[in-house]
Amino acid sequence: RKVEEPNDAAQVILLVAAFFFVNEIETAMDEFQGGKADAMDLQLNKVKHQLEALVKITRTKLTAGERKRAMCMITLDAHSRDMLEKLIREKATYTSHFAWMSQLKQRYVPESKDARIEILNASFMYDYEYLGNGARLVVTPLTDRIYVTATQALHLCMGCAP
């Protein structure tokens, strides 16, 4: 089966950023379980710092495409910050906690050189659907619920219409 390559740098940037975010959160969870009591808080500070850096970038002279990419990253990073705050508030400090499992996660699988999308027990190959470099909607708790509902329906081969 032939997989299309991404058509837009923004798509690759967002995907790789998501890989790193998932890896860093799970590393912080492992460190917390290993006795590093402030691991999750340190990760939250890192996410906040990265978000602030992106906001500063928007205050510089950027092309329209660069500005859109930065704004997409800000939208997703703001959700990541909010979600990490929720994980800390709910003391979700291990990877099998429902609050973490119910989040949409993008993972790179080195053995197969594939990207995968996971949520709860559903896992799908990332097929590089072209999203373009358009604005992204704000991701809210309702959006997270829709992700769970849609992916579980697809996982159970029941279909899904947005």
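Here is what the cut-offs are and how they apply
Residues numbered from 1 in each chain as written. Predicted model: local features only at pLDDT ≥ 70, side-chain atom pairs only at ≥ 80, totals over all residues. Heavy atoms only, no water. Helix = DSSP H or I, 4+ residues; strand = E, 2+ residues; numbered from the N terminus. Rg over C-alpha atoms; globule rule 2.2 N^0.38 Å. Buried < 20%, exposed > 50% of the residue type's maximum accessible area, 1.4 Å probe, protein only. Contact = heavy atoms within 4.5 Å. Areas by Shrake-Rupley, 256 points an atom, 1.4 Å probe, with all protein chains shown as cover. Lys, Arg positive; Asp, Glu negative; His and termini not counted. Charge placed at Lys NZ, Arg CZ, Asp CG, Glu CD. Core = buried A, V, L, I, M, F, W, Y, C linked by side-chain atoms within 4.5 Å.

Asks: Tell me about the overall build of the protein chain, and please be specific about residues and values.
Replies: A tally of regular secondary structure across the protein chain gives 5 helices and 3 strands. Counting from the amino terminus, the protein chain carries its helices and strands in the arrangement α-α-α-α-β-β-β-α. For the protein chain, the C-alpha radius of gyration of 16 Å lies close to 15 Å, the compact-globule estimate for 162 residues. Projected onto the principal axes, the alpha-carbon positions of the protein chain cover approximately 45 × 45 × 35 Å. The 162 residues of the protein chain split such that 36% are buried. Counting only contacts in the protein chain whose residues sit at least 6 apart along the sequence, the fraction spanning at least 24 positions is 60%. In the structure as shown, the protein chain presents an accessible area of about 10,100 Å², 59% of it carried by carbon and sulfur atoms. Side chains of the protein chain give 21 positive and 21 negative charges; the mean places of these two sets differ by 5 Å.

Asks: Tell me about the nonpolar core, residues and numbers included.
Replies: If you look at the biggest cluster of nonpolar residues, it comprises 15 residues, and the most contacted ones within it are Phe21, Ile25, Met29, Met40, Leu84, Leu87 and Trp100. Take this core: its biggest share by element is 5 residues, from helix H1 (residues 9-33). Residues within four places of leucine 87 in sequence aside, it is in contact with Ile25, Met29, Met40, Ala92, Ala99 and Trp100. Counting residues in each nonpolar core, the second largest holds 7 residues, with Leu51, Leu54, Met73 and Ile74 among its members.

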